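Each chain, letter by letter, is given below.
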Amino acid sequence: MKRSPGTRLCATAAIGALSLSLLTACSDGAKDAGDAKGPASSAASGGSTTASDAKALPTAELEKLLLAQGEVKGYKVTSGDDTLPASKSVVKTDKEACAPLAYAMSGLAPGDTESHASNTLTEENASAAATKSPGDISQSDLEGAFKVKLTFVGLSSYEGDGAEKAFKSVSDGVAACSGGFGVTAQGEKQKITKVAPEQVTRSGDESVAFTVDSDVDGDGTATFHTQVVRKGNTMASFYTVDFASLTSGGKSSAVPAAVVAAQAAKLK
């Protein structure tokens, strides 16, 4: 399905000032999930486990553990302050079991903790349009400007076995919310029509991945990918938006494995 000029304008605005509410208003497109690479939910053998006396890392420490510029080749790292919800109070779901999924998609802590930090990674893509005068920009240049893949990364840390419980709430939520759910983020309503497990490469002590299909005012379906990794008492969530698929209706990209691997390697 071709995208209207209005959709393209929405995507342009979203690239500059992205939030879950903008995605709600602008996105529609691919229905296919990413390629399978391994178990959808798995525990990596030989990994560390969460001790009952584990202490949550403070937010300041989590911010130091977030990926920094230059640590993942081909990606630009920026703060998530202007693109992600500031707290769980602005993200509501109509099914309690689905709240951890919505939080993971928003860079927020899926479980019960105040210790969390987030940022965004954008796959670097030099657009020809950026180097030309307006009169010289071609249709192909404009299409290239939409070849943007952005991944929200959220870290959270927990006391005791809180991380294990938080991970389980996400894993259980994938099955419990398979028929979809409603979410309101920063005042904007979004209807998730389907949640499905996605197979990914193992990472950390436990990892789970899923896709969500989102209805856009009855004018198509957008597919987004999320992965959650637990390492010890720290959780990492990854939510990827592929703007090329939103504007063209093509297949959406899964969470980049290089980003997951690099972030998991930094977790304690």
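Our subject in this report is the structure included herewith. (Residues numbered from 1 in each chain as written. Predicted model: local features only at pLDDT ≥ 70, side-chain atom pairs only at ≥ 80, totals over all residues. Heavy atoms only, no water.)

## Describing the pattern of salt bridges
Counting across every chain of the model gives six salt bridges. When the shortest N-O distance is used, the salt bridge between Lys266 and Glu71 registers 3.0 Å. On the criterion of sequence distance, the pair formed by Lys266 in helix α8 (residues 257–266) and Glu71 in the loop between α3 (59–65) and β2 (75–79) is long-range, its members being 195 residues apart. The exposure class assigned to Lys266 is partly exposed, which follows from its relative accessible area of 22%. The shortest N-O distance in the salt bridge between Arg230 and Glu206 comes to 2.7 Å. In this pair, Arg230 sits in strand β9 (residues 221–231) while Glu206 sits in strand β8 (residues 206–215), placing the two residues 24 residues apart along the sequence. Judged by relative accessible area, which is 4%, Arg230 ranks as buried. Residues joined by salt bridges that share partners form a network here, namely Asp205, Glu206 and Arg230. (Salt bridge = Lys/Arg side-chain N within 4 Å of Asp/Glu carboxyl O. Helix = DSSP H or I, 4+ residues; strand = E, 2+ residues; numbered from the N terminus. Buried < 20%, exposed > 50% of the residue type's maximum accessible area, 1.4 Å probe, protein only.)

## Section: the packing of aromatic side chains
Two descriptors summarise a pair of aromatic rings, namely the distance from one centre to the other and the angle between the planes of the rings. Within the structure shown, the criterion is met by two aromatic pairs. Here Phe224 and Tyr239 contribute two aromatic rings whose centre-to-centre distance is 5.8 Å and whose plane-to-plane angle is 45 degrees, an arrangement assigned as tilted. Taken as a pair, Phe224 in strand β9 and Tyr239 in strand β10 (residues 234–242) lie far apart in primary sequence, 15 residues in all. Judged on exposure class, the residue Phe224 and its partner Tyr239 are both buried. (Phe/Tyr/Trp six-rings, centres within 6.5 Å; stacked < 30°, edge-to-face > 60°.)

## Section: the state of the cysteines
In protein structure, a disulfide is the covalent linkage between the sulfur atoms of two cysteines. Going through the model one piece at a time under the given rule, you end up with one disulfide. Paired through a disulfide, Cys98 and Cys177 show a sulfur-sulfur distance of 2.0 Å. Given an S-S torsion of about -115 degrees, the disulfide between Cys98 and Cys177 has left-handed geometry. Of this pair, Cys98 sits in the loop between β3 (91–93) and α4 (99–105) while Cys177 sits in the loop between α6 (162–176) and β6 (181–185); the two residues are 79 residues apart in sequence, bridging distant segments of the chain. A residue is classified by how much of its surface remains accessible, and Cys98, at 0% relative accessible area, is buried. (Disulfide = S-S within 2.5 Å.)

## Structural notes on the pairing of strand β4 (residues 116–123)
Two elements, β2 and β4, share five bridges in a ladder whose sense is antiparallel. By the bridge assignment, Thr78 is partnered in β4 with Thr120. Taken together, the seven bridges between β4 and strand β5 (residues 149–157) define a ladder with antiparallel strand orientation. Across the sheet, the residue bridging to Asn119 is Val153, located in β5. (Pairing = 2+ DSSP bridges.)

## Describing the pairing of β10
Most of β10 is tucked away, with nine of its nine residues classed as buried. With burial as the criterion, each face of β10 is covered, one bearing Thr234, Ala236, Phe238, Thr240 and Asp242 and the other bearing Met235, Ser237, Tyr239 and Val241. Note: β5 against β10, nine bridges, orientation antiparallel. When the sheet's bridge partners are listed, Val153 is paired in β10 with Phe238. Alignment of β9 against β10, held across seven bridges, turns out to be antiparallel. Directly across from Arg230, in β10, lies its bridge partner Met235.

## Examining the nonpolar core
Core analysis: the largest hydrophobic core is formed by 36 residues, its most contacted members being Leu101, Phe181, Val195 and Phe210. Breaking this core down by element, the ones donating at least two residues are α4, β5, α6, β6, β7 (188–197), β8, β9 and β10. Sort the elements by how many residues they give to this core and α4 lands first, with six residues. Membership of the second largest hydrophobic core comes to 20 residues, among which are Leu57, Leu66, Leu121 and Val260. (Core = buried A, V, L, I, M, F, W, Y, C linked by side-chain atoms within 4.5 Å.)

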